[in-house]
Amino acid sequence: MQNSSCSGSAEEAVDPPTKRLKTCAEAASSADADKPSSVPGHSTGPMPSDANQHYQQQQQGTDPESQKLQYNMDENLYSRQLYVLGHEAMVRMARSVVLISGLGGLGVEIAKNVILAGVKKVVLHDTKLVSKADLATQYFVRYADIGRNRAEASCQRLAELNTYVDVEFYIGELTPDCIKECAVVVLTETTRDEQLRISEITHPLNIPFIVADTVGVFAQVFCDFGTQFVVRDINGENPISTMIASITNDTEAVVTTVEKHGFEDGDHVIFNEIKGMTELNADPMQSPEAQAHRIKVLGPYTFSIGDTTGLSHYTGGGVATQVKMPDKVDFLPFSKALGKPEFVMTDFGKFDSPPVLHAAFTALHKFVKNNNRLPKPWNEADASSLLSLVEGNLNEGDGKLIKTFSYTAAGQLAPMCAVIGGIVAQEVMKGCSGKFFPIKQFLYFDAIECLPEDLKPVENFEIPDVRYASQVCVLGHKFQEKLGKLRYFIVGAGAIGCELLKNFAMSGVGAGKDGIIFVTDMDLIEKSNLNRQFLFRQHDVQKAKSSCAAKAIKAMNPEVNITAHLNRVGPDTESIYNDEFFHNLDGVANALDNVDARIYMDRRCVYYHLPLLESGTLGTKGNVQVVVPFMTESYSSSQDPPEKSIPICTLKNFPNSIEHTLQWARDAFEGLFTQAAESASMFLKDPNFIQRTQTLPGCQPVEVFIAVKKALVDRPKNFQDCVAWARNYWQEQYSNQIKQLLHNFPPDLKTSTGHDFWSGPKRQPTPLEFDIRNEVHLDFIVAAANLLAQVYGIQKNLDRQRVTEMVQAVHVPHFVSRDGVSIAENDSQLANDSADMDQEENIVQELEEARNQVAGLIINPLDFEKDDDSNQHMDFIVAASNLRAANYGIEPADRHQSKLIAGKIIPAIATTTSVVSGLVTLELFKLVRLGYTRMDRDCSKEIWGTEGAPPVDAKKLACFKNGFVNLALPLFAFSEPLAAARQAFNGREWTLWDRFEFNQEMTLHGLLDHFRDVYGLEVTMLNQGVVLLYASFFDEQKKSERLALTIPELVRRLTKKNIEPHVRALVLEISCDDVASDQEVDVPYIRYQLPPK
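Residues numbered from 1 in each chain as written. Predicted model: local features only at pLDDT ≥ 70, side-chain atom pairs only at ≥ 80, totals over all residues. Heavy atoms only, no water.

Comments concerning the overall build of the protein
Broken down by element type, the protein carries 35 helices and 33 strands. Scaling as 2.2 N^0.38, a compact globule of 1093 residues should have a C-alpha radius of gyration of about 31 Å, and the protein matches this with 33 Å. Overall, the C-alpha framework of the protein stretches about 95 × 85 × 65 Å when taken along its three principal axes. Buried positions account for 55% of the 1093 residues belonging to the protein. Taking the contacts inside the protein whose residues are at least 6 apart along the sequence as the reference set, 74% of them involve residues at least 24 apart. (Helix = DSSP H or I, 4+ residues; strand = E, 2+ residues; numbered from the N terminus. Rg over C-alpha atoms; globule rule 2.2 N^0.38 Å. Buried < 20%, exposed > 50% of the residue type's maximum accessible area, 1.4 Å probe, protein only. Contact = heavy atoms within 4.5 Å.)

Structure follows, in structure tokens:
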């Protein structure tokens, strides 16, 4: 029959199950459409017969196609993932064929992540048909697909995720001929006999083989990557580089570094730029691995490298750079590994669980083989039968765990599939690329804390005829009803937001009466989002994220109730997200990309006593935090230390790394095309601009006025003027300023201690000579001239030949270094620079005289946008940075690396997002189980009573898990959340969740008396926001004027504004002294309820 295209909507008419096997790759690779197939049952889009040969070449590093594939890669799509994996790993993946067998909830999650990652081809294999039970976890099948083969039904929708990946399905037997054409084979929902059979094919061929299953709240992953599997980069961290202070001539030479080196014992390094002992310098014609030195760490500033007695004496300089050495790893075949299991721990609090679960999964396969079915849900007889099949000695706790395993084995949970699907997909990428260390060899995971305590074994568990039946088998009917009634607010619809929405929808959150999901995101979809924000497609680019995401999950589960907003969360939207909105929620799930918004939502949740599910990712690293009312600390209770800033003098005069030159280029962009243009625009619009600017500290007024003068008085009139400016700016930055710097600090200059001034972190620069034939020089002129033209609305010109002609017509003044020019050596000297008042007055006078001449001029400040390759922003950054790097002898950075550093891009990959979102959803289940919903909420118990904050329920607290994962290592670390810190006054304890509640009208005098009489506290200060309502140091007249006023009257009078209609309560900050001791004490804030309007 004619093959159908995958380019249409996934919601179009579905083919009947009687139609024969077909491919879903036509839209992705029309060039392959007429090729014969080497896969049984396929009519197009074959697995290349040399796929395994290519994979073996990749493992050996001899693949001849790598360079071509690297050149053709769509970096706009894969940009965030490239920063995680690197080009080399992506190229290897682009040559890989991956087979995924079993397209249930776990299989589709693995396939989704692998397709997004960008392998060559994914073959979907399944022999099972879609059933209603699949609808709880398999989000790429619909009701209309029931009765179709699961791989066939999923194929088209999976293919739409990434048009660069061929996606096919296959329903026949997995033969050796099929297997040997694959780079990685993944089995889910398969029998033990089938697992062993396939393993016997893959292991001798060194084809990475993965087995994965989720049953109820338990999961298993097994990896066999053959013998001598090459791991090229164990952890994915950037190689460490450090500057050298000295090297000894010794049998165990000691290298001393300028700063802490950060190396570990056994690391390998190469050296560059060493003076004197030049024999150590690496040869660029050889591979770094071949000339790397193994080191032994002696201290934070020292390490040894072996014998240097035969080398020249070290005289100065040098950089030591870490080299990632390949590591070869051997794996046992599945049959042997079963008897000698090696475990990767996922939770050290459950140290004894992996061997028990290993035995349980083996027993489960025996049970299924004997009974041709899974154990019945919550059935004691089946649980006992399965327990009897377990080999080895078990204690009482082990037996209980295995019975629980049996009770839930018939069901599936969407978040469990998400967690394991993300882990397995990352292992697939490791198998394809050799990037990161694989699981060796078994991993077990459970979430038994999600199981309701009231769910007990019954003789006949009623399985409802609903889409959530598979989940009900695990969590029970009552739990499912609670999920349906939940009202949750998901803040952000990016990568984590998309995954959370999928998990919530598939689990039935907000799908019942009165239940709803709110999602808000103000951003529009960009192409780079499509690589991991899987709810979006190419046709969604430049549409609102929240709206498209809501539409997508509505297609996955039509029963879910969802409302999409396009708002930013913050003080500006508190009229929308007001008391009524939050009081009707069960909780909040953050999916944000910045700390400020996270802190804001955290404070909102603390104020409204709501649970908060917090999470984030950074490449292969992810974290999850659950914030539980009246129990745990909040997100804001602990924060990461601030980023280490680069000293200004380092940027201006003494850069020593590409990070420094890129930051300098980024600052130059802001100063030239953003800040100067904004200041000039404000000067034109604001008659008081000069007076306001003169109030700025230090040299800032002069700097602003000079920038405005250049922007207005010295502005370009045409594109030739833009080129002239760019050429002279080049001369000033890369030649003149360097000459002046070397005039002030000559190459032979010594410090007060007798050391060379130009040593250590101070790299001696070299002035550049402009050469129009140098591509980087011309890149800078073209980019800078066109950016300046954009600022002034002048027609752009990207014709490099024409720009070359214009440059040659530019007059460049001759420069001579001058004495008496001050250049700061450090930031403290920079801070002591004083403003030249005469210069300021002269510039101000010029500006006033020019005001009328520039009236009506329109200036367009540029906002830096890293992801638009047509706007010349990154062209300028890359050229400006690499020219400065050339000045200082720093290795230049390509556009990809420059965009990462200058654009402050957060590396991201779909696998980590999948894992994190699954863990978040499991914490949601625990919140529901333990009664943290509006249905179970007892507000009367939230009032901070006279006895103080109640003790934390340790048993409840232990159910929750904050988590950190690093899929590269792999590392999984879970711990119970920290309890909220407790403080006390007068023997009364309180935490961040407590506050003084005032629910009736009260004067200031009454409030002060209340604190004195009831709490024994003397109020010394009372604030509402930035407004000081009362202070003990006020004079008597001011006190008497205010004491008789009610709190709302006092606020209105002092702010000279009415209280906003949406505000139902005032938050008052209070400072107090203990009346008895006359000592200041810390106390909670006041929530003052306003009277009904």
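Topic: the sheet that holds strand S17 (residues 442-446)
Note: strands within a sheet are paired through backbone hydrogen bonds, in either parallel or antiparallel orientation. A sheet is described by the order of its strands in space; here eight strands give the open sequence S3-S2-S1-S4-S5-S6-S17-S16, paired in mixed fashion. The two strands at the open ends of the sheet, each matched to only one other strand, are strand S3 (166-170) and strand S16 (343-344). Relative to strand S5 (residues 209-215), strand S4 (residues 184-188) is paired through four bridges, and the arrangement is parallel. Across the sheet, Thr188 pairs through a bridge with Ala212, a residue of S5. Running at roughly 160 degrees to S5, helix H8 (residues 192-202) makes contact with S4, S5 and strand S6 (218-224) of the sheet. (Pairing = 2+ DSSP bridges. Axes fitted to C-alpha atoms, helices over the stretch in contact; angles between N-to-C directions.)

Focus on unusual backbone geometry
Cis rather than trans, the peptide bond between Lys440 and Gln441 has omega equal to -10 degrees. Position of Gln441 among the secondary structure elements: in the loop between helix H13 (414-433) and S17. Residues Leu969 and Pro970 are joined by a peptide bond in cis, for which omega reads -10 degrees. Position of Pro970 among the secondary structure elements: in the loop between strand S24 (962-966) and strand S25 (971-975). A positive phi angle, near 85 degrees, is found at Phe436, a position not held by glycine.

A word on helix H25 (residues 775-791)
Taking 1.5 Å of rise per residue, the 17 residues of H25 would be expected to cover 24 Å, and the 24 Å separating its terminal C-alpha atoms lies within 8% of that figure. Taking burial as the measure, the 17 residues of H25 include 14 buried ones, the bulk of the element. Structurally, the start of H25 carries an N-cap: the backbone nitrogen of Val776 is 2.9 Å from a side-chain oxygen of Asn774. With its phi angle positive at about 70 degrees, Gly793 sits one or two positions after the end of H25. (Expected span 1.5 Å × (residues − 1). Polar contact = N/O pair within 3.5 Å; in protein donor to acceptor, adjacent residues only side chain to side chain.)

Section: helix H29 (residues 873-888)
Compared with the 22 Å implied by 1.5 Å per residue over 16 residues, the 23 Å span of H29 between its first and last C-alpha is a close match. Counting buried positions along H29 yields 14 of 16 residues, so the element is predominantly enclosed. Downstream of H29 by one or two residues, Gly889 has phi in the positive range, about 65 degrees.

Considering the sheet that holds strand S13 (residues 302-304)
Read across the open sheet, the seven strands follow the order S11-S10-S14-S8-S9-S13-S12; overall the sheet is antiparallel. In this open sheet, the two strands that pair with only one neighbour each are strand S11 (293-294) and strand S12 (296-299). Two strands pair when backbone bridges link them, and strand S9 (residues 254-257) and S13 are joined in this way by three bridges, in the antiparallel orientation. Its bridge partner lying in S13, Thr256 is registered against Thr302.

Some remarks on the packing of helix H21 (residues 658-685) against helix H24 (residues 719-744)
Each pair of packed helices gets described by two things: the angle between the helix axes and the distance between those axes. Look at H21 against H24: their axes get within 14 Å of each other, and the N-to-C directions meet at 140 degrees. On the basis of their axis angle, the class for H21 and H24 is oblique. Relative to H24, H21 is oriented so that their crossing is right-handed. Facing H21, whose interface residues are Trp664, Ala668, Leu672 and Phe673, H24 presents Trp725, Tyr729, Gln733 and Tyr734. Residue composition of the contact of H21 with H24, grouped by class: seven nonpolar, one polar and no charged. (Parallel < 35°, antiparallel > 145°, perpendicular 65-115°, else oblique. Left-handed = near helix turned anticlockwise from the far one by under 90°. Nonpolar A, V, L, I, M, F, W, Y, C, P; charged D, E, K, R; others polar.)

Looking at the side chain of Asn871
Along the chain, Asn871 falls in the loop between helix H28 (837-850) and H29. Assessed through its relative accessible area of 9%, Asn871 is described here as buried. Looking at Asn871, its side chain comes within polar contact range of the main-chain oxygen of Glu865, at 3.2 Å. A polar side-chain atom of Asn871 sits 2.9 Å from the main-chain amide nitrogen of His873. Apart from the residues within four sequence positions on either side, Asn871 is in contact with Leu787, Gln790 and Glu865.

What about the nonpolar core?
Residues Leu124, Leu158, Ile420, Phe445 and Leu535 are the most contacted members of the largest nonpolar core, which totals 173 residues. A total of 11 residues in this core trace back to one element, the largest contributor, which is H13. Setting aside residues no more than four positions away along its own chain, Leu158 makes contact with Leu103, Val108, Ala111, Lys112, Ile115, Leu124, Phe140 and Val167. Residues Leu662, Trp730, Phe876 and Ala879 belong to the second largest nonpolar core, which totals 70 residues. (Core = buried A, V, L, I, M, F, W, Y, C linked by side-chain atoms within 4.5 Å.)

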